[in-house]
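# A structural walkthrough
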Amino acid sequence: MYLSSLVNRATHWPVSMTPAGDGDRRPLALRTIWFLAFGLLTAVIAGLSIGPSGTGFGTVLSYFTSMFTGAEIAARERIIIESIRLPRVIMGVLVGASLAVSGAIMQGLFRNPLADPGIVGVSAGAGLGAITVIVLGTGVLAPVILPLGIFAVPLAAFFGALFTTMLLYRLATRGGQTSISTLLLRRIAHAAIAGAARGILIYLADDAQLRDLTFWGLGSLAGATWQKCLAVAPIIVLAMATAPFLARGLNALALGEAAAHHAGIPVQIFKRISIIAVAGATGAAVAASGGIGFVGVVVPHLLRLFMGPDNRTLLPASALLGAALLLICDAISRTIVAPAELPIGVVTALIGAPFFLWILMSRRGLAGMG
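Residues numbered from 1 in each chain as written. Predicted model: local features only at pLDDT ≥ 70, side-chain atom pairs only at ≥ 80, totals over all residues. Heavy atoms only, no water.

This part is about the overall build of the protein. Of the regular secondary structure elements, the protein holds 16 helices and two strands. When burial is assessed residue by residue, the protein has 49% of its 370 residues classed as buried. Across the protein, every contact between residues at least 6 apart in sequence was considered, and the portion connecting residues at least 24 apart equals 78%. Looking at the protein as shown, the accessible area adds up to about 17,100 Å², and 72% of this sits on carbon and sulfur atoms. (Helix = DSSP H or I, 4+ residues; strand = E, 2+ residues; numbered from the N terminus. Buried < 20%, exposed > 50% of the residue type's maximum accessible area, 1.4 Å probe, protein only. Contact = heavy atoms within 4.5 Å. Areas by Shrake-Rupley, 256 points an atom, 1.4 Å probe, with all protein chains shown as cover.)

With 23 residues, helix H12 (residues 267–289) extends 33 Å from end C-alpha to end C-alpha; this agrees with the ideal 33 Å at 1.5 Å per step. With respect to burial, H12 is a largely interior element, 18 of its 23 residues being buried. (Expected span 1.5 Å × (residues − 1).)

What follows concerns the packing of aromatic side chains. Scanning the model with the defined rule gives three aromatic pairs in all. Note on Phe-355 and Trp-358: the rings are 5.4 Å apart at their centroids and 45° apart in plane angle, and the pair reads as tilted. Placement of both Phe-355 and Trp-358 in helix H15 (residues 344–361) is noted, with a separation of three residues, approximately one turn of the helix. The class for Trp-358 is partly exposed, based on a relative accessible area of 41%. (Phe/Tyr/Trp six-rings, centres within 6.5 Å; stacked < 30°, edge-to-face > 60°.)

Position of Gly-290 among the secondary structure elements: in the loop between H12 and helix H13 (295–307). Taking relative accessible area as the criterion, Gly-290 reaches 2% and is therefore assigned buried. Sequence-distant contacts of Gly-290, defined by excluding residues within four places in its chain, comprise Trp-216, Gly-219 and Ala-285.

Now for the nonpolar core. Core analysis: the biggest nonpolar cluster contains 81 residues, and Met-91, Val-95, Ile-105 and Leu-315 have the highest contact counts within it. When residues in this core are grouped by element, the largest group, 15 residues, is from helix H4 (residues 75–110). Not counting residues within four places of it along the chain, the set of residues in contact with Ile-105 comprises Ala-243, Leu-246, Leu-250, Ser-274, Val-278 and Leu-315. Counting residues in each nonpolar core, the second largest holds six residues, with Leu-114, Val-297, Phe-356 and Ile-359 among its members. (Core = buried A, V, L, I, M, F, W, Y, C linked by side-chain atoms within 4.5 Å.)

All right, on to the layout of surface pockets then. A probe as big as a water molecule, rolled over the atoms, marks out the empty space that is left. Empty space within the largest pocket amounts to approximately 680 Å³. Around the largest pocket, the lining is made up of 26 residues, and of these Ile-134, Val-153, Trp-216, Lys-228 and Ala-287 lie nearest the centre. Every element with two or more residues in the lining of the largest pocket is listed here: helix H5 (122–136), helix H7 (152–172), helix H9 (207–217), helix H10 (226–253) and H12. In terms of residue class, the lining of the largest pocket is made up of 17 nonpolar, six polar and three charged. Volume-wise, the second largest pocket comes out at about 560 Å³. Lining the second largest pocket we find 26 residues, and of these Ser-123, Ala-124, Gly-217, Gly-291 and Ile-292 sit closest to its centre. Of all the elements in the fold, those that place two or more residues in the lining of the second largest pocket are H4, H5, helix H8 (180–204), H9 and H12. Considering each element in turn, the lining of the second largest pocket owes the most residues, five residues, to H9. (1 Å grid on protein atoms, 1.4 Å probe; cavity = no way out; pocket = protein on both sides within 12 Å on 5 of 7 lines; lining within 4 Å. Points joined across faces, edges and corners; volume = space filled by probe spheres on them. Nonpolar A, V, L, I, M, F, W, Y, C, P; charged D, E, K, R; others polar.)

Rendered as structure tokens:
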């Protein structure tokens, strides 16, 4: 009872985060989007230029200028850029943007700054679906999995995320109102069940699968290939293309479900579409990169404090900052213990966990306890 009350008080939406009367921040938000676009371009160039092979910025610049000048570039350098770094950077952009936008949608949907695909259990459901296919896809599930080819793992992660999200949402909703404290508390039980299921699957895995699952569980872009990009890109792009159409509904929901209904938003249908979009984006991201946490809670919350809560600008800004942040974290993971590689999930956790605690202990959170 005390834990439920504490979570509910520490995580309420402050009044200043509602879209009403926030029009004066729109010019700032638009300038921020342009700044973030430049920052993402810089992060992409850095991601292509950083690595243990010695292929630096000059080589990357020569590679791209050779497309127009026809100049020759060494075969080794071309392979490093085209087959290793470029798919890794593209995967980082897709995953980072999808996690950040999913977090922004969930925070708007639940009207709470702690709503995040990882924290409320969406990532756990997606991971369980992906692990099931990885371990059993060549065994008992082979007749179903093999015809799906490269799309098997992303689709399994999507349906795992969708099932988890809808289940937790239904359990936390009473009388049309969703309690984030109930959602977080019931997520603990779900995490225990999902953890037990993953433990069984890991026990059944062979040595090669076990090594992959261990590194994949901590989050990594090391396994990014053009084939994996092709597998997850359609799902992520489709989910992300839905996000701009959700902005008006999320703005209306910030004033309450009754107000959203009077504003002409079909609330229940809107919720289902939002959940499906989050499940698709998160499921594909988890399938591609494993468990990368805190991007979905850090990025939209930070942007909301700076540029306001208008989702028309918050969602694209979250996509840009999420992609840039993940590329920066990936560059850190590749260099901090070079020539080895630190799982990117460890880096995002080191950044995100203190920020998460700051949200709980911030002045707004403490004001809710007073």
